[in-house]
Amino acid sequence: MSNTMTSLVPVLDGSNYQTWSDAMEAYLMAQGTWHVIVTTQPDDTTRPAWDADNYKAMGVIRLRCTPQIAAKIKGSLLAVTMWETLEKEYGKPGISAIFSEFKAALAVEIPNNAHPAAAIDEIAMHFSR
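Residues numbered from 1 in each chain as written. Predicted model: local features only at pLDDT ≥ 70, side-chain atom pairs only at ≥ 80, totals over all residues. Heavy atoms only, no water.

## A short note on the pattern of salt bridges
Part 1 of the argument: The tally for this structure, following the rule as stated, stands at three salt bridges.
Part 2 of the argument: The residue Asp51 makes a salt bridge to Arg47 at a minimum N-O spacing of 3.1 Å. Here Arg47 and Asp51 lie together in helix 4 (residues 47-63), a separation of four residues that amounts to about one turn.
Part 3 of the argument: Residue classification places Asp51 among the partly exposed positions, given a relative accessible area of 23%.
Part 4 of the argument: For Arg47, a relative accessible area of 29% corresponds to the partly exposed category. (Salt bridge = Lys/Arg side-chain N within 4 Å of Asp/Glu carboxyl O. Helix = DSSP H or I, 4+ residues; strand = E, 2+ residues; numbered from the N terminus. Buried < 20%, exposed > 50% of the residue type's maximum accessible area, 1.4 Å probe, protein only.)

## A word on the packing of aromatic side chains
Part 1 of the argument: Per the stated rule, a full pass over the model turns up three aromatic pairs.
Part 2 of the argument: Plain terms: the ring middles of Tyr17 and Trp20 are 6.0 Å apart, the flat faces sit at 40° to each other, and that makes the pair tilted. You can see Tyr17 and its partner Trp20 sitting in helix 2 (residues 17-31), three residues apart, about one turn around the helix.
Part 3 of the argument: Feature note: the residues Tyr17, Trp20, Trp34 and Trp83 constitute an aromatic cluster, connected by ring pairs. (Phe/Tyr/Trp six-rings, centres within 6.5 Å; stacked < 30°, edge-to-face > 60°.)

## Structural notes on the environment of Lys56
Part 1 of the argument: Note on placement: Lys56 falls in helix 4.
Part 2 of the argument: Residue classification places Lys56 among the exposed positions, given a relative accessible area of 52%.
Part 3 of the argument: Measuring from C-alpha to C-alpha, the distance between Lys56 and Lys74 comes to 14 Å, with 18 residues separating the pair along the chain.

Next comes the structure, spelled out in structure tokens:
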């Protein structure tokens, strides 16, 4: 398993879907396999390459899920199906996750002696989640 993947993409445990999906999307983009999530299946001329990318994306997604979550998506034949299943199941945060993001936004300190843009971006990130 790639050290890059293990250090950049957290393991999906159900409570961290938003963080996981952002990191997984970026990782799949960097690996050149994100297109299997956002495009339909290709015609016969490009099918072998698309299938290979689909299997790579499926493997990466399953590797960064807990065993219980990976078991739920194991029977999927397409990476996009896995992605949609996970989004449907874990994409909407519960009340505790919403409150945690709100608390994290309130805890951000705006520095007195530096430009506040980074702190404001962090607050906006918490509210967008």
